[in-house]
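What the coordinates show
Below are the chains, spelled out letter by letter.
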Amino acid sequence: MNPAKNSMLRFDSVAMRYPDGTMALDRVSLELPRGQFCVVLGASGAGKSTLLRMANGLVTPSSGAVHVEGRRLSSATLSSIRPRIGMIHQHFNLVLRASVATNVLSGALPGLPWWRALCGLFPEPLRRKACLLVSAVGLEEQHLNRRASELSGGQQQRVGIARAFMLAPPLVLADEPVASLDPKASHDVLALLRTQARERGATVLCSLHQVELAREFADRIVALRRGRVVFDGPAQAFDADVARQIYATGVASSESGASEVGYNTCEPVHVPQAVMEVA
Amino acid sequence: MTDVVASAPPAARPHSAWRIQRSFGVRQRVIVLMVLLLLVVTGKRVEIDHMVTLTSDGLLAAVGLRDSSQVSAGLASVARQLFPVQLSERTEVARIENFDRDHLPWLSHLEVGTVHEQRLNPDTLQMEDHVTQREVLVEPLGYLWHVAAKMIETLEIALWATLLAVLLSLPLAWLSARNYTPHRVCYTVARALVSLLRAVPELVSALFLVLAYGFGPVAGVLALALHGAGFLGKFYAEDIETADPRPQEALRAIGTNQLLVMRYAVLPQVMPQFIAYTLYVLDRNVRMATVVGLVGAGGIGQELKGRYDMYNYAHVGTILIAIFLTVFVLDQLAARWRRRHA
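Residues numbered from 1 in each chain as written. Chains lettered and ligands numbered in written order. Predicted model: local features only at pLDDT ≥ 70, side-chain atom pairs only at ≥ 80, totals over all residues.

So, about the overall build of chain B. A count of helices and strands for chain B gives eleven helices and three strands. Reading the secondary structure of chain B in the N-to-C direction produces α-α-α-β-β-β-α-α-α-α-α-α-α-α. Computed over its C-alpha atoms, the radius of gyration of chain B comes to 31 Å, more than 25% above the 20 Å expected for a compact globule of 342 residues. With the principal axes as the frame, chain B shows a C-alpha extent of 115 × 60 × 40 Å. Sorting the 342 residues of chain B into buried and exposed places 29% on the buried side. Within chain B, contacts between residues separated by at least 24 positions form 67% of all contacts whose residues are at least 6 apart in sequence. (Helix = DSSP H or I, 4+ residues; strand = E, 2+ residues; numbered from the N terminus. Rg over C-alpha atoms; globule rule 2.2 N^0.38 Å. Buried ≥ 20, exposed ≤ 12 C-beta atoms within 10 Å, placed from the backbone. Contact = placed C-beta atoms within 7 Å.)

All names here are of chain B. Taken in spatial order, the three strands make up an open sheet running β1-β3-β2, and their pairing is antiparallel. At either margin of the open sheet sits one strand with a lone partner, and together these are β1 (89-92) and β2 (109-121). Across this sheet, the average inter-strand angle for adjacent strands is 40°, counted without regard to direction. Alignment of β2 against strand β3 (residues 126-139), held across 13 bridges, turns out to be antiparallel. (Pairing = 2+ DSSP bridges. Axes fitted to C-alpha atoms, helices over the stretch in contact; angles between N-to-C directions.)

At the junction of the two partners, chain B supplies 23 residues and chain A supplies 30 residues. For the side of chain B that touches chain A, the leading source of residues is helix α9 (residues 258-292) of chain B, giving seven residues. Here the side of chain B that touches chain A is built from residues that sort into 14 nonpolar, five polar and four charged. (Nonpolar A, V, L, I, M, F, W, Y, C, P; charged D, E, K, R; others polar.)

The subject of this paragraph is the confidence of the model for chain B. Low-pLDDT stretches of the model should not have their predicted coordinates read in fine detail. Overall, the prediction assigns chain B a mean pLDDT of 88, with 96% of residues at 70 or greater. ipTM for the predicted complex: 0.83, alongside a pTM of 0.78. (pLDDT = per-residue confidence, 0-100.)

Our next topic: the environment of K305(B). All names here are of chain B. With respect to the secondary-structure elements, K305 resides in helix α10 (residues 300-309). Of the residues examined, K305 has 17 C-beta atoms within 10 Å and is grouped as partly exposed. Separated by 14 residues in sequence, K305 and V291 have C-alpha atoms that sit 9.4 Å apart. Setting aside residues no more than four positions away along its own chain, K305 makes contact with G293 and L294.

As a further point, take α9(B). With 35 residues, α9(B) extends only 39 Å from end C-alpha to end C-alpha; this falls clearly short of the ideal 51 Å at 1.5 Å per step. Largest kink in α9(B): about 60°, centred on L267(B), with the proline P268(B) one to four residues after it. (Expected span 1.5 Å × (residues − 1). Bend = angle between axes of the 7 residues up to and from the residue.)

Moving on, we get to the nonpolar core. Counting 131 residues, the largest nonpolar core has V104(A), V204(A) and L205(A) as its most contacted members. The next biggest cluster of nonpolar side chains, apart from the first, holds nine residues, and it includes Y143(B), M151(B), A322(B) and I323(B). (Core = buried A, V, L, I, M, F, W, Y, C linked by C-beta atoms within 7 Å.)

Our focus in this paragraph is the domain arrangement of chain B. How big an interface is tends to be expressed through the accessible area that disappears when the partners come together. Domains assigned within chain B are domain 1 (89-140) and domain 2 (143-341). Each of domain 1 of chain B and domain 2 of chain B has a C-alpha centre, and the two are 47 Å apart. (Domains from an automatic or database assignment.)

This paragraph deals with the pairing of strand β7 (residues 171-175) of chain A. Residue and element names in this part refer to chain A. Burial within β7 is extensive, with five of its five residues counted as buried. A two-sided burial pattern is seen for β7, the buried positions comprising L171, L173 and D175 on one face and V172 and A174 on the other. One ladder, built from five bridges, connects β7 with strand β8 (residues 203-208); its direction is parallel. Across the sheet, V172 pairs through a bridge with V204, a residue of β8. For the crossover from β7 across helix α8 (residues 183-200) to β8, the handedness is right-handed. (Right-handed = clockwise from strand over helix to strand, strands pointing away.)

Next up on the list: the packing of α9(B) against α10(B). Residue and element names in this part refer to chain B. It is the contact of α9 with α10, at a shortest axis distance of 6 Å, that shows an interaxial angle of 40°. Classed by the angle they form, the pair α9 and α10 counts as oblique. Read as a crossing pair, α9 and α10 show a hand that is right-handed. For the pair α9 and α10, the contacting residues are A289, T290, V291 and V292 in the first and I300, G301 and L304 in the second. (Parallel < 35°, antiparallel > 145°, perpendicular 65-115°, else oblique. Left-handed = near helix turned anticlockwise from the far one by under 90°.)

It is a general feature of regular strands that their side chains alternate between the two faces of the sheet. All names here are of chain A. What you see with strand β6 (residues 85-88) is no split at all: I85 and M87 on one side and G86 and I88 on the other are buried throughout. Two elements, β6 and β7, share four bridges in a ladder whose sense is parallel. Across the sheet, I88 pairs through a bridge with A174, a residue of β7.

The next thing to look at is unusual backbone geometry. The amide bond that connects F83(B) to the next residue, P84(B), takes the cis arrangement and shows omega of -5°. With respect to the helices and strands, P84(B) occurs in the loop between α3 (70-82) and β1. Backbone geometry at S13(A) places phi at a positive 35°, although glycine is not the residue there. Here S13(A) shows up in strand β1 (residues 7-17). Given 14 C-beta atoms within 10 Å, S13(A) falls into the partly exposed group. In this structure, E47(B) is a non-glycine residue whose phi angle is positive, near 60°. By secondary structure assignment, the location of E47(B) is in the loop between α1 (26-45) and α2 (48-62).

Right, let's talk about the environment of A229(B) for a bit. Looking at where A229(B) falls in the secondary structure, it is placed in helix α7 (residues 217-242). Counting along the chain gives 61 residues from A229(B) to L168(B), while the straight-line C-alpha distance between them is 5.8 Å.

To continue, consider the packing of helix α4 (residues 142-175) of chain B against α7(B). Residue and element names in this part refer to chain B. Interhelical geometry of α4 versus α7 gives an angle of 40° and a closest axis separation of 6 Å. Here α7 runs oblique to α4, going by the angle between their axes. Along this stretch, α4 crosses α7, giving a crossing that reads as right-handed. Looking at the contact of α4 with α7 residue by residue, the classes come out as 19 nonpolar, five polar and one charged.

In this model, α2(B) (15 residues) spans 21 Å end to end at C-alpha, consistent with the 21 Å of a helix rising 1.5 Å per residue. Of the residues flanking the end of α2(B), it is G64(B), one or two places downstream, whose phi is positive at about 85°.

Encoded structure:
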């Protein structure tokens, strides 16, 4: 297959510099083939979120380019590219006072004529699809007409996943989808995301800070530290040593190399867990 | 960003050296003194002392510690004139066009009254006592019906004024919400317009609108709508600005246009407040519709003004009670609706 055709998402040495001079991302280049489940790991402030939000233009890189399905992201192409990218958010970003059904249906708004959407006239096939997705993410019929605020965190994120798949996007971005969930719910939600993406052949770019979850669910792990890619490879290759490396100075605020050395002397086996607590 | 290097913490001091700030420092005391001074000066200018003397006189008179007081006497005379309120309506049959004796209005009956009249006899140039028999149509609740009809007209004015205010204020709110306005100039102009609309009192704009549109409900509707639009525009805009941005971002991330983001991510969030504000404006419009009627802008206010000018205080009493009951009932309904939609 043509390599350009197979590329779902490509970052071409994207950089992000904030006005105060901090570099959130420093010339990151990355290419995601279709169908991959790629997890971006890193401590908070490593630039995961910025990278993800560049993929659908929520953040504009200060230099470099983003290509989605071979088309360069720009203000001209933004409105046609965005509906092809689903997004799942850390805080679920549901309209809490609206019903689950409305929240899920709102994921299909860009695909409707604006006047239909304004009047809430969702065509029957879309309604069917919403029901199908709500059941696919493990919710029941009785949840449909409940307000989103009445659901638990895990259930809310399920609604978020259902909403993200409404337009059958070939690419799904998940920005810390489980950061505000407990471990059990985190596991379930990630498993669900992975199954749904597999079934629909969607590429997933997911940011996480839990090393275990990344190793369990990812095809590929990209680790960021201070805006730079420090690891990029299959999940199996991501071991405790690498984990130590990315988190060693990513969390601590001092720049001195001494702490990195000091960290290296820690007991190696339990590092991922220790890291989780620190993060 | 976590990359910010924390500066070294200052050396810890023993707790005996710690200080908790006092609640009232010198600054606060000076401010309190200034406020008191301001109240004394302004109170003198608006004759608060006079009010206190008169009111206490009135209270003392009410409990019998004083023979008379200006306030209690005034209130008593008002009460005597307002009550009993006027419910019936008496019309001379001779003045009714096409009077049909066989089909009297509902609940009404005919009375024959003797009317004594002093008339000047042109021949003798003497005042003579004339006695005439006149037939009068008595409708026991006639005036009440009349007031009810006027009250309904007032409610209609308030309803339409509120509707127009909402329609006018929605685009204004969009333009004057910082996160939705298309341009800074639009924002400034819309904000200024909203302030201007709110700054002009209904009664004043009604005065001018009566000149433009003539006597009648149109002027009232427009006057109330313009003021209401200023009020709603400001509050709608503030709610739009403070709505949770996260659902809005979720919709924007998949390429939803601004209009639909507003409809699906903002509107559901702000609906309870929108309803509360709109109900408040409706409530206010009902009260203000009676006031703008005073300058000829239709409704029960016009009736009130007419009766007041003709010294028909019993009629005025009926009107006042009708206004009170309407506002009270509306208040209860609004409270119930707000509870359901909160």
